[in-house]
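Summary of the model geometry
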Amino acid sequence: RELGPTVFLTWMITLFSHDIHDSDIASRMFDAIIASHPLMPLYLTVAILTHPKNRQRLFDANKDEAAMLQKVATSLVSRINHDFVPTQDGFSAQDIINSALSYM
């Protein structure tokens, strides 16, 4: 099943602040967006979707139900942790920013 591009539209319009509820992480993402290329939100979106933990979540989701796949996909941003704080479930904002920069 395919997801339309509108699934990730809120990430681009709100610069990820719609789904990031920690102000430290949101400000770190804003800093990266403001200090970088104008397409940085797109690069960050690709970095979030292609992170190994996120890719596995997307592949494990029930692909027959578009609503479930959309729910899994939009919840990925909320798993971003503070910089340099490793956890089992998430990944750091710096990991995502580094990946995004490597795509530029």
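Above this text is the structure in question.
Owing to the predicted nature of the structure, the values given are computational and were not obtained by experimental measurement.

**Quick look at helix α3 (residues 40-50)**
With 8 of 11 residues buried, α3 lies mostly within the body of the structure. The elements touched by buried residues of α3 are α1 (9-13), α2 (23-34), α4 (52-60), β1 (80-81) and α6 (93-103).

**Notes on the packing of α3 against α4**
In the contact formed by α3 and α4, the axes pass within 5 Å of each other and the chain directions differ by 65°. In terms of their interaxial angle, α3 and α4 are classed as roughly perpendicular. Of α4, the residues touching α3 (which contributes Ile 48, Leu 49 and Thr 50) are Pro 52, Asn 54, Arg 55 and Leu 58. Tallied by class, the residues present in the contact of α3 with α4 amount to 4 nonpolar, 2 polar and 1 charged.

**A short note on the side chain of Gln 94**
Turning to its location among the elements, Gln 94 is positioned in helix α6. Using a relative accessible area of 14% as the deciding quantity, one classes Gln 94 as buried. Polar contacts involving the side chain of Gln 94 include one to the side chain of Asn 98, which spans 2.8 Å.

**Digging into the packing of α3 against α6**
Contact pair α3 / α6: the axes reach a minimum separation of 8 Å and the direction vectors enclose 115°. Regarding α3 and α6, the two cross each other, and that crossing is right-handed. Residues Met 40, Tyr 43, Leu 44, Val 46, Ala 47, Ile 48 and Thr 50 of α3 lie in contact with α6, whose contacting residues are Ile 96, Ile 97, Ser 99, Ala 100, Leu 101 and Tyr 103. Residues belonging to the contact of α3 with α6 are distributed by class as follows: 11 nonpolar, 2 polar and no charged.

**A word on a nonpolar patch on the surface**
Residues Leu 9, Met 12, Ile 13, Leu 39, Leu 42, Val 46 and Tyr 103 make up a contiguous nonpolar surface patch of roughly 600 Å² in combined accessible area. Of all the secondary structure elements, the ones that give two or more residues to the nonpolar patch are α1 and α3. The element contributing the most residues to the nonpolar patch is α1, with 3 residues. By secondary structure assignment, the location of Leu 39 is in the loop between α2 and α3.

**Examining the nonpolar core**
Within the largest apolar cluster, 28 residues are counted, with the highest numbers of intra-cluster contacts made by Met 29, Leu 44 and Ile 80. For this core, the secondary structure elements donating two or more residues are α2, α3, α5 (66-74) and α6. If one sorts the elements of this core by residue count, α3 sits on top with 6 residues. When residues no more than four places from it in sequence are discounted, the contact partners of Ile 80 are Ile 20, Ile 25, Met 29, Ile 48, Phe 91, Ser 92 and Ala 93.

Rules of the game
Residues numbered from 1 in each chain as written. Predicted model: local features only at pLDDT ≥ 70, side-chain atom pairs only at ≥ 80, totals over all residues. Heavy atoms only, no water. Buried < 20%, exposed > 50% of the residue type's maximum accessible area, 1.4 Å probe, protein only. Helix = DSSP H or I, 4+ residues; strand = E, 2+ residues; numbered from the N terminus. Contact = heavy atoms within 4.5 Å. Axes fitted to C-alpha atoms, helices over the stretch in contact; angles between N-to-C directions. Parallel < 35°, antiparallel > 145°, perpendicular 65-115°, else oblique. Nonpolar A, V, L, I, M, F, W, Y, C, P; charged D, E, K, R; others polar. Polar contact = N/O pair within 3.5 Å; in protein donor to acceptor, adjacent residues only side chain to side chain. Left-handed = near helix turned anticlockwise from the far one by under 90°. Patch = residues over 30% accessible without salt bridge, like charges linked within 9 Å, V, L, I, M, F, W, Y side chains within 5 Å. Areas by Shrake-Rupley, 256 points an atom, 1.4 Å probe, with all protein chains shown as cover. Salt bridge = Lys/Arg side-chain N within 4 Å of Asp/Glu carboxyl O. Core = buried A, V, L, I, M, F, W, Y, C linked by side-chain atoms within 4.5 Å.

Distances and angles like these do not, on their own, reveal function.
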